[in-house]
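Observations on the three-dimensional arrangement
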Amino acid sequence: QVQLVESGGGLVQAGGSLRLSCAASGSIFSINTMGWYRQTPGKQRELVADITSIGRTNYADSVKGRFTISRDNAKITVYLQMNSLKPEDTAVYYCNAHFNGRLYWGQGTQVTVSS
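Computed from a prediction, not measured in an experiment: that's the story for all the values here. Counting restarts for each chain: residues are numbered from 1 in the order of the written sequence. With the structure being a predicted model, the display of local features is reserved for residues of pLDDT at least 70 and the display and counting of side-chain atom pairs for 80 or more, all residues being used for whole-chain, interface and lining totals. Remark: hydrogens and water are excluded; side-chain values derive from all non-hydrogen atoms of the structure.

**Side note on the layout of surface pockets**
- As a volume, the largest pocket reaches approximately 160 Å³.
- The definitions used throughout rest on a 1 Å grid laid over the protein atoms alone, on which a cavity is an enclosed set of points accommodating a 1.4 Å probe that cannot get out and a pocket is an open set flanked by protein within 12 Å on both sides along at least five of seven lines; lining residues are those having an atom within 4 Å of a point. Arg38, Thr40, Lys43, Glu46 and Glu88 are, among the 13 residues lining the largest pocket, the residues nearest its centre.
- For this classification, the nonpolar set comprises Ala, Val, Leu, Ile, Met, Phe, Trp, Tyr, Cys and Pro, the charged set comprises Asp, Glu, Lys and Arg, and every other residue, Gly included, is treated as polar. Residue classes in the lining of the largest pocket are distributed as one nonpolar, five polar and seven charged. Grid points are joined across faces, edges and corners, and a volume is the space filled by probe spheres set on the points.

**Focus on the pairing of strand 9 (residues 91–99)**
- A large share of strand 9 lies buried, amounting to seven of its nine residues.
- Judged from the seven bridges that link them, strand 4 (residues 31–39) and strand 9 form a sheet pairing that is antiparallel. Bridging from a neighbouring strand, Tyr37 pairs with Tyr94 of strand 9.
- The pairing of strand 9 with strand 11 (residues 109–114) spans three bridges and is classified as antiparallel. What sits directly across from Ala91, in strand 11, is Val111.
- By the convention used here, strands pair only if DSSP detects at least 2 bridges between them. Secondary structure elements follow DSSP: runs of H or I of four or more residues count as helices, runs of E of two or more count as strands, with numbering from the N terminus. Strand direction decides the pairing type here: strand 9 and strand 10 (residues 102–105), joined by four bridges, are antiparallel. Burial classes: relative accessible area under 20% of the type maximum marks a residue as buried, over 50% as exposed, and values in between as partly exposed (1.4 Å probe, protein chains only).

Laid out in structure tokens, this is it:
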């Protein structure tokens, strides 16, 4: 059984920073793309950023220049450094990962940015 556990969410003022982490555990024998999505009530879950196994990154236009995704393959962990946070970044952030030919999701972590 593969599990993804997120951490690092919380409440921050506009302009502040947070760092999210997502650690994987379980029987993992192939690792592919890992990423972060976010969702607000009444809206579809949207891609924030993802990163391939060789480090190629992709970002939503709304976070380019402010967020940085990275990963540690040895620890099977993906990170999201979020700087210059805005109230519109408020959402539940979910990590996902392609392991063993399947897509897995974390349970989500709340990020709230106050104005």
